[in-house]
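Remarks on the overall topology
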Amino acid sequence: MPAAGLNKHLQEQLAGLKTQGLLKSERSIATPQDAEITVNGRAVVNFCANNYLGLSNHPEVVAAAEEGLKTWGYGLSSVRFICGTQSIHKQAEAQVARFFRKADAILYIACFDANGGLFEPLLGENDAVLSDALNHASIIDGVRLCKAKRLRYAHNDMNDLRAKLVEAKGCRFKMIFTDSVFSMDGDIARLADICELADEFDAIVGIDDCHATGHLGATGRGAAEVAGCLDRIDIITGTLGKTLGGGAGGFTVASAEVVEWLRNRSRPYLFSNSVPPSLVAAGMKALELVDGATDLRATLKAKTARLRAGLEAAGFTVKPGPTPILPVMLGDATVAAKMSELLLAAGVYVVGFSFPVVPQGQARIRIQVSAAHTAAQVDHAIDAFRSAGRELGVVA
Ligand SMILES: *Cc1c(COP(=O)(O)O)cnc(C)c1O
């Protein structure tokens, strides 16, 4: 058995993860995704989904998926450029582009692919990409694949970004690329400052808006709308897998030339299957709902404020930020793990994060609020946090 050596090696590695408390185990959910779900046979309030507006199991989204399935069939058995483009793929791309006020959009199976296939086709060895140190893994991988000079600036540090832009002087194209919302901290990239620096240094600006599209900004256009610089941002990548229905699918919006080039050269687009039509149809419905979801965004804001205020009043340290991501800072990894267990037992499903996902000594529980949460569910979470926090000596 040639694989025996590898398997033995992996057994040891996995045992090592387990003793360090880093082995990931998956909890099975017995219900559709919602504010309340069933885990281990009991109902719990879900505070760890990216279901910010509650559209993941929205009846209109489900109906659109069913309609898409009936009208366009199940699968395409083709990449886009051979025989995998139906008219709804083109309609969806036009809708996404219009939403962000850009010339065109290109769909991918996931945003991981949108990011993975973005940099290599656009940038060559005479170019530079400047990326935030805390960028998502898919951006890091995408940047690794391109031949451009890679310059990493300290998280949200505009002095360091300026220094890196100076270092990149003389490069043909300079592209600044950042997560717009950083999912572990719930903070937003300093997009207005980034755009100003980009103007000064004649740089391209791109953002990954996965944790913002749909629920942030007055009309849901995401973090760039919050920062007031949507029209200055050149490239936006995003996902249908979070606020926009939570199914699957990613996209890149940009100029007509960039998108046309990606259709010709982006490897995850050229060499991977088309997005199934049911997902495209559901994504289009979710985007339409998001467009008119002023009330849902207001509800999300109000619920987030209520939860934050309640936790702070109970004595917890919650990282500041304008997003529905609330990192409750606990410091110690075992405390964070214990706390999430106690909370689950009390009917509140949250996840603790520790090193290496977050820096050493900054273990936390990350809460993600949804517009679908009721005030009673939010209050229940506050009570459960207070009780668990007292039991573990985190709060008085
Ligand atoms: C979730 C996420 C992705 C990946 O999106 P998928 O569509 O699930 O592949 C990429 N970037 C960021 C910042 C994300 O949060």
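For the structure, check the block above.
These numbers come from a predicted model, not from an experiment.

Criteria and thresholds
Residues numbered from 1 in each chain as written. Predicted model: local features only at pLDDT ≥ 70, side-chain atom pairs only at ≥ 80, totals over all residues. Heavy atoms only, no water. Helix = DSSP H or I, 4+ residues; strand = E, 2+ residues; numbered from the N terminus. Rg over C-alpha atoms; globule rule 2.2 N^0.38 Å. Buried < 20%, exposed > 50% of the residue type's maximum accessible area, 1.4 Å probe, protein only. Patch = residues over 30% accessible without salt bridge, like charges linked within 9 Å, V, L, I, M, F, W, Y side chains within 5 Å. Areas by Shrake-Rupley, 256 points an atom, 1.4 Å probe, with all protein chains shown as cover. Salt bridge = Lys/Arg side-chain N within 4 Å of Asp/Glu carboxyl O. Contact = heavy atoms within 4.5 Å. Lys, Arg positive; Asp, Glu negative; His and termini not counted. Pairing = 2+ DSSP bridges. Axes fitted to C-alpha atoms, helices over the stretch in contact; angles between N-to-C directions.

**Side note on the overall build of the protein**
Check the secondary structure of the protein and you find 16 helices and 16 strands. A compact globule built from 396 residues should have a C-alpha radius of gyration of about 21 Å, and the protein, at 22 Å, falls within 12% of that. Seen through its principal axes, the protein has C-alpha atoms that stretch 60 × 60 × 55 Å. When each of the 396 residues of the protein is scored for burial, the buried share is 51%.

**Here we look at a nonpolar patch on the surface**
There is a patch of nonpolar side chains on the surface, built from Leu 6, Leu 10, Leu 14, Leu 17 and Leu 23 and spanning about 400 Å² of accessible area. Relative to the elements of secondary structure, Leu 10 occurs in helix H1 (residues 4–19).

**Here's the deal with the side chain of Gln 86**
Considering the arrangement of structural elements, one finds Gln 86 in the loop between helix H3 (80–83) and helix H4 (87–99). Setting aside its immediate chain neighbours within four residues, Gln 86 contacts Trp 72, Leu 76 and Pro 277.

**Some words on the environment of Ile 204**
Mapping Ile 204 onto the fold places it in strand S9 (residues 204–208). Counting along the chain gives 28 residues from Ile 204 to Ile 176, while the straight-line C-alpha distance between them is 6.1 Å. When residues no more than four places from it in sequence are discounted, the contact partners of Ile 204 are Phe 173, Lys 174, Met 175, Ile 176, Asp 234 and Ile 235.

**Some points on the side chain of Lys 303**
One can find Lys 303 in helix H14 (residues 294–313). Buried Lys 303, no salt bridge; nearest opposite-charge side chain is Asp 379, N-O distance 9.7 Å. When sequence neighbours within four positions are dropped, the list of residues in contact with Lys 303 reads Val 369, Ala 371, His 373, Thr 374, Ala 375 and Val 378.

**Here we look at the sheet that holds strand S10 (residues 235–239)**
Pairing is mixed across the open sheet formed by seven strands, whose spatial order is S3-S11-S10-S9-S6-S4-S5. Edge positions in the sheet fall to strand S3 (104–108) and strand S5 (149–153), since each has one partner strand and no second. Neighbour-to-neighbour, the strand axes of this sheet turn through a mean angle of 20 degrees, independent of strand direction. Strand direction decides the pairing type here: S3 and strand S11 (residues 250–254), joined by five bridges, are antiparallel. Each bridged residue has a counterpart across the sheet, and for Asp 104 the counterpart in S11 is Ala 254. Sheet strands touched by helix H9 (residues 191–201): S5, strand S6 (174–179) and S9. Its angle to S6, the strand with the most contacts, is close to 175 degrees.

**Notes on the pattern of salt bridges**
Any two side chains of opposite charge can pair, given that their charged atoms come close. By the definition in use, this model includes 21 salt bridges. As a salt-bridge pair, Arg 172 and Asp 127 come within 2.8 Å of each other at their nearest N and O atoms. On the criterion of sequence distance, the pair formed by Arg 172 in the loop between helix H8 (158–167) and S6 and Asp 127 in the loop between helix H6 (119–122) and strand S4 (128–132) is long-range, its members being 45 residues apart. In this structure Asp 127 comes out as buried when scored by relative accessible area, which is 0%. Residue Arg 364 is joined to Asp 185 by a salt bridge in which the shortest nitrogen-to-oxygen separation is 2.9 Å. Taken together, the residues span a long stretch of sequence, with Arg 364 in strand S16 (residues 363–368) and Asp 185 in the loop between strand S7 (181–182) and strand S8 (187–188) at a distance of 179 residues. Like Asp 185, Arg 364 is buried. Ionic contacts of the salt-bridge type, sharing partners, join the residues Arg 80, Lys 90, Glu 93, Asp 104 and Arg 263 into one network.

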